[in-house]
Amino acid sequence: MRDLTTVLACMISAGTPILYALIGDLIGERAGIISLSVEGSMLCGACIGFGTAVATHNMLFAVLSGALAGGLIGFCQAFLTIDRKSNMMASGFVLMFFAMGLTAFYGRSLLNISIGGANSAGLGKIAIPVLSKIPVLGTALFTQDILTYISYLLPLIVYFFIYKTKYGLILCSVGERPEVTLAYGYNPRLIQYGAVIMAGVLAGIGGVQMSVIYTMGWANNMVNGRGFIATALVILCSWKPQRAYLAAYLFGLAQALQIFLQVHSVPVSMYITLMLPYLLTLVALGFISSSKKPTMPEKLKIVI
Amino acid sequence: MKKNYRILSLLLVLFLMAGIMTGCVKKTDDAQTSGQPTGSGSTTASTTATGNLKPGEGSKKIGIIMGGSKDDYGFNYAFAQLADQVQKELGIEAVIKENVPTTSDFEGVCEELISQGCKIIFPSQFGYLEYAHNVAQRHPDVAFYSFPITDYNGGNFSTIHGNAHEPWYINGALAAMYSKTGKVGFIGSLPIPDVIVSVDAFTLGAQSINPKIQVSAVFTGSWADTGLQTTATNQLLDSGCDVIAPFQDSVKTVIEICASRGAHAFGCNADAYSLDPKTWLSACITDWSGYIPYIKAAIDGKYENVNLSGGFKEHFITNAKYGDTVTPDMVTKLTEIRKKIESGDIYVFQGPVYDQSGAVMFKDGYRPTIQEINLVNKLVKGVTGKLN
Amino acid sequence: MKTKTAAAKQPSDAGRSVALGSFFDSTPFRALICFVAPVTIFGLLLASEGKSVFETYKTIYFSIFGSVYGIGEVVIRATYLILTSIAAILPARVGLANAGGEGQMAMGAVGTAVVGSTIFSRLVTPVGIPMMLLAGMFFGALWAGIGIYCYMRLGMNETLTTILMNYISTFIIAMLLFGVLRDPKGWNYPQTVQIAKQLRFNMYFGTRMNVGIFIAIAMAFFVWFVINKTKAGFVIRTIGGNQNAARFAGINVKKVQALVFLAAGAVAGLAGAIMIVGVEGRMRTGAGETMGFMGFLAAGMVKNSPVLAILSAFLIGALNVAGNSMEIKTGLPAASIQILIMLVLLTIMTVGGKKKS
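Caption draft 1: Inspection of the overall build of chain B at higher detail. Scanning chain B from N- to C-terminus turns up 12 helices and 15 strands. Looking at chain B as a whole, 62% of its 388 residues are labelled buried. Counting only contacts in chain B whose residues sit at least 6 apart along the sequence, the fraction spanning at least 24 positions is 69%. Summed over its atoms, the accessible surface of chain B is roughly 14,100 Å², and 53% of this surface lies on carbon and sulfur atoms.

Caption draft 2: Region of interest: the pattern of salt bridges. Per the stated rule, a full pass over the model turns up 13 salt bridges over all chains. With a shortest N-O distance of 2.7 Å, Glu98(B) and Arg108(A) are connected by a salt bridge. One end of the pair, Glu98(B), is in the loop between strand 2 (93–97) and helix 4 (105–115); the other, Arg108(A), is in the loop between helix 4 (88–106) and strand 1 (126–127), on a second chain. Per residue, the accessibility class of Glu98(B) equals that of Arg108(A), and both read buried.

Caption draft 3: Quick look at the nonpolar core. Counting residues in each nonpolar core, the largest one holds 332 residues, and the members touching the most others are Phe144(B) and Phe186(B). With residues up to four places along the chain from it excluded, the contact list for Phe186(B) reads Trp168(B), Val195(B), Val199(B), Phe202(B), Val215(B), Ser216(B), Ala217(B), Val218(B), Leu236(B), Ala245(B) and Phe247(B).

Caption draft 4: Representation of the interface of chain A and chain B in the model. Tallying the contact residues gives 37 residues for chain A and 38 residues for chain B. Taken together, the two surfaces of chain A and chain B that pack against each other cover about 3,000 Å², and 53% of this comes from carbon and sulfur. On the surface where chain A and chain B come into contact, there are 2 salt bridges. Between Arg226(A) and Asp225(B) there is a salt bridge; the shortest N-O distance is 3.4 Å. At the boundary of chain A and chain B, one finds 14 residue pairs in polar contact (both at pLDDT 80 or more). When residues of the side of chain A that touches chain B are traced back to their parent elements, those giving at least two are helix 1 (2–30), helix 11 (244–263) and helix 12 (270–291) of chain A. Per-element accounting of the side of chain A that touches chain B gives the leading share, 7 residues, to helix 11 of chain A.

Caption draft 5: Region of the structure containing the domain arrangement of chain B. All names here are of chain B. Segmentation of chain B into domains returns domain 1 (61–162 + 288–310) and domain 2 (165–283 + 320–384). Its C-alpha centre places domain 1 at a distance of 27 Å from the equivalent point of domain 2. Contacts between the two partners involve 10 residues from domain 1, matched on the other side by 13 residues from domain 2. When domain 1 packs against domain 2, the two sides together hide about 970 Å² of surface, and 54% of this comes from carbon and sulfur. The interface formed by domain 1 and domain 2 includes 0 salt bridges. Our count for the contact surface shared by domain 1 and domain 2 stands at 2 residue pairs in polar contact (both at pLDDT 80 or more). Tallying contributions element by element places helix 3 (residues 75–89) first for the side of domain 1 that touches domain 2, with 4 residues. Classifying every residue of the side of domain 1 that touches domain 2 by side-chain character gives 5 nonpolar, 4 polar and 1 charged.

Caption draft 6: Spotlight on the sheet that holds strand 2 of chain B. Residue and element names in this part refer to chain B. The strand order across the open sheet built from 6 strands is 2-1-3-4-5-11, with neighbouring strands paired in parallel fashion. Looking at which strands have only one partner, the edges of the open sheet turn out to be strand 2 and strand 11 (307–310). Adjacent strand axes in the sheet meet at a mean angle of 20°, parallel and antiparallel pairs treated alike. Two strands pair when backbone bridges link them, and strand 4 (residues 143–146) and strand 5 (residues 157–162) are joined in this way by 3 bridges, in the parallel orientation. Looking at strand 5, one finds that Phe144 is bridged to Phe157. Set on the sheet, helix 4 makes contact with strand 1 (61–65), strand 2, strand 3 (118–123) and strand 4; between it and strand 3 the angle comes to about 150°.

Caption draft 7: Spotlight on the environment of Met275(C). Residue and element names in this part refer to chain C. Within the element layout of this structure, Met275 appears in helix 12 (residues 253–280). Taking the C-alpha atoms as reference, Met275 lies 9.5 Å from Gly108; in sequence the two are 167 residues apart. Here Met275 is in contact with Tyr80, Met105, Ala109, Glu280, Gly281, Ala287 and Gly288, once residues within four sequence places are set aside.

Caption draft 8: Structural detail: a nonpolar patch on the surface. All names here are of chain A. On the surface, Leu153, Leu156, Ile157 and Phe160 cluster together into a nonpolar patch covering about 390 Å² of accessible area. Locating Phe160 in the fold gives a position in helix 6 (residues 146–164). Residue class for Phe160 comes out partly exposed when judged on its relative accessible area of 46%.

Caption draft 9: Highlighting the pairing of strand 3 of chain B. Residue and element names in this part refer to chain B. Burial of strand 3 is extensive: 5 of the 6 residues sit out of reach of the surface. When strand 1 meets strand 3, the two strands line up parallel, connected through 5 bridges. Looking across to strand 3, one finds that Lys61 is bridged to Cys118. Here strand 3 pairs with strand 4 via 2 bridges, running parallel. Across the sheet, Ile120 pairs through a bridge with Ala143, a residue of strand 4. For the segment spanning strand 3, helix 5 (residues 129–138) and strand 4, crossover handedness is right-handed.

Caption draft 10: Examining the sheet that holds strand 9 (residues 264–265) of chain B more closely. Residue and element names in this part refer to chain B. As summarised here, the arrangement of the 5 strands in space is 9-8-6-7-15, forming an open sheet in which the pairing is parallel. Only two strands of the sheet have a single neighbouring strand rather than two, namely strand 9 and strand 15 (383–384). Across 2 bridges, the pairing between strand 8 (residues 243–246) and strand 9 is parallel. Following the sheet pairing, Ile244 is matched in strand 9 by Ala265.

Caption draft 11: Spotlight on the packing of helix 7 (residues 125–154) of chain C against helix 12 of chain C. All names here are of chain C. Close contact between helix 7 and helix 12 brings their axes to 6 Å; oriented N to C, the two are set at 140°. The pairing of helix 7 with helix 12 is recorded here as oblique in orientation. Between helix 7 and helix 12 lies a crossing of right-handed hand. Touching Ile129, Met132, Leu133, Gly136, Met137, Gly140, Ala141, Ala144, Gly145, Ile148, Tyr151 and Met152 of helix 7 are Lys254, Gln257, Ala258, Phe261, Leu262, Gly265, Ala266, Gly269, Leu270, Ala273, Ile274 and Val277, all from helix 12.

Caption draft 12: Here's a closer look at the packing of helix 8 (residues 226–238) of chain B against helix 9 (residues 252–260) of chain B. All names here are of chain B. Relative to each other, helix 8 and helix 9 sit at 35°, their axes nearing to 9 Å. Helix 8 and helix 9 meet at a crossing whose hand is right-handed. Contacts between helix 8 and helix 9 involve Thr226, Gln229, Thr230, Thr233, Asn234 and Leu237 on the former and, on the latter, Thr253, Val254, Ile257 and Cys258. Of the residues assigned to the contact of helix 8 with helix 9, the class counts are 4 nonpolar, 6 polar and no charged.

Caption draft 13: Layout of the packing of aromatic side chains. On inspection of all chains with the given rule, the structure shows 32 aromatic pairs over all chains. Between Phe93(A) and Phe228(A), the aromatic rings sit 5.6 Å apart at their centres with planes inclined by 65°, giving edge-to-face as the arrangement. With Phe93(A) in helix 4 and Phe228(A) in helix 10 (residues 226–236), the pair connects residues that are 135 residues apart, well separated along the chain. Considered together, Phe93(A) and Phe228(A) belong to a single accessibility category, that of buried residues. Between Tyr145(B) and Tyr303(B), the ring centres sit 6.0 Å apart and the planes meet at 65°, which makes this aromatic pair edge-to-face. Of this pair, Tyr145(B) sits in strand 4 while Tyr303(B) sits in the loop between helix 10 (292–299) and strand 11, placing them 158 residues apart in sequence. Taken individually, Tyr145(B) and Tyr303(B) each receive the classification buried, so the pair is uniform in this respect. What links up through ring pairs into an aromatic cluster is the set Phe79(B), Phe122(B), Tyr145(B), Trp288(B), Tyr291(B), Tyr303(B) and Phe316(B). The ring of Tyr167(A) has Lys166(A) lying over it, and the distance from NZ or CZ to the ring centre is 5.6 Å. For the cation-ring pair, Lys321(B) lies above Tyr273(B), with the distance from its terminal atom to the ring centre recorded as 4.0 Å.

Thresholds applied
- Residues numbered from 1 in each chain as written.
- Chains lettered and ligands numbered in written order.
- Predicted model: local features only at pLDDT ≥ 70, side-chain atom pairs only at ≥ 80, totals over all residues.
- Heavy atoms only, no water.
- Helix = DSSP H or I, 4+ residues; strand = E, 2+ residues; numbered from the N terminus.
- Buried < 20%, exposed > 50% of the residue type's maximum accessible area, 1.4 Å probe, protein only.
- Contact = heavy atoms within 4.5 Å.
- Areas by Shrake-Rupley, 256 points an atom, 1.4 Å probe, with all protein chains shown as cover.
- Salt bridge = Lys/Arg side-chain N within 4 Å of Asp/Glu carboxyl O.
- Core = buried A, V, L, I, M, F, W, Y, C linked by side-chain atoms within 4.5 Å.
- Buried area = accessible area lost by both parts, 1.4 Å probe.
- Polar contact = N/O pair within 3.5 Å; in protein donor to acceptor, adjacent residues only side chain to side chain.
- Domains from an automatic or database assignment.
- Nonpolar A, V, L, I, M, F, W, Y, C, P; charged D, E, K, R; others polar.
- Pairing = 2+ DSSP bridges.
- Axes fitted to C-alpha atoms, helices over the stretch in contact; angles between N-to-C directions.
- Patch = residues over 30% accessible without salt bridge, like charges linked within 9 Å, V, L, I, M, F, W, Y side chains within 5 Å.
- Right-handed = clockwise from strand over helix to strand, strands pointing away.
- Parallel < 35°, antiparallel > 145°, perpendicular 65-115°, else oblique.
- Left-handed = near helix turned anticlockwise from the far one by under 90°.
- Phe/Tyr/Trp six-rings, centres within 6.5 Å; stacked < 30°, edge-to-face > 60°.
- Lys NZ or Arg CZ within 6 Å of the ring centre and 35° of its normal.

In structure tokens:
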């Protein structure tokens with residue numbers, strides 16, 4: 001029973017940064033732009049968010065600065081792909097490496113700093129009164145930090161936004177038929193900009209969650225491909241926000257199992273367990289792609 | 001596409017021009033060296049020019065080449081401290097190059113360091129060995145002190161090795177004194193010999209205090225994936241461990257999490273006492289004071305090829321400052337163990353040593369050589385986890 | 001106002017003052033921007049960290065042009081980059097994106113290292129080296145084959161599949177190097193057995209330069225020739241132009257795509273083979289890291305032209321080498337050279353020739 005709680009808790013904490021990036025990228029892809037740059041946004045968010053958290057001990061500032069940093073990378077991605085018509089994949093890679101260099105350059109002084117007094121700064125875990133008493137699930141799911149709780153709601157919010165509001169419809173129309181958007185009197189270009197920047201902002205917040213709360217430290221290139229995984233997982237959830245839980249926590253579960261299998265001496269090669277997150281994502285991707293016709297936004301079909 | 005072509009070519013021309021403008025002085029030297037018909041020619045030229053000098057003689061700079069970032073509170077941080085120490089005690093400059101992959105790229109970096117005046121080179125990773133040896137043959141006037149102990153040494157290429165198992169043995173003893181649950185976690189990176197020796201020595205040390213202690217070893221497959229470190233630390237603590245010993249380049253995350261959960265943590269290859277004195281226990285760190293005399297001798301022109309290998313006694317390796325919660329009692333006990341190791345009463349891998357399956361690794365009373373210890377490819381009895 | 005998309009912008013551009021407009025659109029001006037902008041921005045970053053801007057740039061240039069050895073290092077990097085960029089260019093010409101050059105190169109390298117120390121170890125040089133290169137190509141194609149199979153049969157996105165496979169390949173290689181392929185005489189460290197001496201390239205001018213660069217350049221021209229001058233190339237261009245049209249013309253699009261993708265994998269594998277035969281001699285973890293990604297970018301920089309990729313490969317290779325000396329001289333982290341490389345790429349993307357929409 002305790003093992004189950006452990007795995008669940010690790011799954012949630014490992015999956016949360018991915019969930020942010022995933023939802024962000026999903027919004028961008030709904031508008032017809034794939035942002036591989038979420039990797040870069042996460043890195044920038046992680047670095048700058050951590051720096052702000054150390055300097056101000058204020059969670060709000062940390063999140064805002066991380067979101068801003070991620071959003072800036074998102075803006076670059078939007079500018080390059082929308083206005084300059086450059087290859088989405090290539091610009092995503094470029095921005096990722098750019099972020100890597102930039103964070104290594106400026107994050108150097110953060111490497112040795114410990115965040116100390118985390119609990120006082122609103123970064124600590126909060127147990128939700130009633131729910132946290134549920135056996136197994138209570139400790140794993142409802143004794144978390146504030147950003148994790150927000151991430152629980154995020155896919156729902158985006159779900160309502162996309163399916164129940166006018167603006168969601170317009171966002172999707174940009175990814176399907178920009179002519180329709182135009183006919184409704186909206187500027188598809190501006191909406192794309194907004195969506196891609198939003199992708200960066202959310203990924204940046206994911207980065208903050210990762211550096212400030214999850215690992216409590218900044219290390220060079222700490223995101224280590226999680227942004228790419230998020231992008232792959234968008235396809236896995238067929239561009240439907242409600243499936244983001246499944247996709248993100250699949251990765252979280254894989255990472256929890258990486259260690260779990262080793263701690264419990266399960267006779268599987270260590271390297272197999274280490275490649276689990278990538279392998280599982282790949283297998284799930286294959287499963288989804290082959291079994292169903294994915295509901296891909298029209299605009300993406302040209303790119304992909 | 002046409003336009004891009006022109007832009008690119010012009011860009012290259014601009015880069016070239018700028019290069020020639022700033023680099024014209026050196027360019028002329030170049031013309032001379034490249035005038036030589038073959039590479040070996042230019043090498044011999046440099047040999048004869050400096051033939052009278054002993055390796056490392058009169059060096060104003062030492063070069064340190066490391067595989068990661070120097071601020072990692074880990075293995076590379078230790079080398080950064082060598083740089084500080086050399087600067088302080090010998091008054092010569094230390095040039096550090098970080099993040100060099102363990103591939104033949106090393107040669108390029110090394111040549112660059114030598115061209116900037118480094119006459120003494122410390123390659124820190126095993127992977128550099130072969131390439132460092134190549135460079136050493138090209139530059140007989142440069143003294144090399146390469147890390148792991150191997151049979152490469154000769155001429156201006158010395159090998160040095162600190163017996164990491166001795167401090168790790170003491171770490172193990174300390175962990176056993178601390179652990180109330182009788183379970184200790186070890187977070188390895190990749191199963192390279194240094195890590196295997198460390199986890200084995202750690203376990204043997206722990207068993208010397210509490211024979212029933214269990215060491216739970218997991219591997220993260222990378223040196224600084226902090227996300228995975230977090231998961232590993234949390235799971236190990238959840239599974240009942242109350243002391244964590246990471247063998248990672250960046251241990252900050254592990255220490256922070258242990259602090260927030262009231263457990264204790266070791267460091268790895270660097271003194272990170274200041275991060276959290278209450279959580280911190282100790283770490284195995286390189287004691288550079290044993291090496292400094294050799295560097296000094298080389299600078300004074302008294303270089304000798306050495307195959308240095310030693311532990312506490314030779315001042316090659318030591319334990320970092322103990323944490324605030326380590327009681328004077330424990331310190332006394334640990335100092336005793338240390339004295340015994342120094343005097344040879346305790347030999348970490350003295351047989352009988354059994355592997356996980358219970359088979360004999362070193363038979364009763366046998367004291368394996370350093371080479372044999374470094375070739376250990378199995379976990380000892382009492383460790384859960386596996387190497388493949 | 002609202003309708004001002006990139007496409008609608010064209011006419012207003014044309015309406016601008018001809019003389020001024022043509023100057024700002026002219027190639028020399030753009031090239032100047034591509035040079036000045038990154039250098040200025042990076043200079044500002046350096047200044048903000050309190051480093052001497054001029055000294056740093058001097059270091060960068062010296063390390064590239066200052067010695068034969070520096071040039072040799074650039075050439076070696078360029079060799080891999082040319083080949084990995086071709087590995088990205090070929091599939092792009094048939095409407096696919098191969099971001100897996102990294103993994104394909106690594107797999108090619110590991111395969112070459114294995115055959116070079118086992119079944120091919122007794123071959124004489126003139127037979128052995130071509131066989132080694134072919135082996136590398138085979139293993140690279142094999143790894144690419146998994147990717148293209150996922151795309152063809154399972155309908156998976158090939159870019160993301162290959163990116164994920166890069167990560168998987170690093171773990172597979174680690175598994176091999178720590179396991180069955182570990183050199184028994186390698187003091188227990190993760191590396192393969194050294195390949196036979198006669199299977200290595202000679203190195204020239206006291207540097208690590210070898211004939212690999214000529215193979216790479218020849219490969220670039222060969223690919224250009226195939227694409228532009230042959231019948232097969234016509235098919236490739238047709239598919240690249242319009243897949244539906246190609247389908248109507250009776251071309252088996254999927255088959256051609258698969259073959260081209262395999263060829264791309266083979267070229268990336270060749271890069272790995274040259275790495276082993278040329279400078280490495282044995283496989284280690286981390287050998288050739290980031291060369292695949294950088295090659296992908298080098299390809300993106302020249303809009304998928306194989307011959308131009310030679311130029312971009314040299315540019316990226318040179319900056320990459322400069323990063324090392326910059327770090328040694330100024331103490332900046334090596335990753336910061338990536339800022340400069342990426343700034344160059346970003347500016348080229350920004351001011352470079354506009355693609356037709």
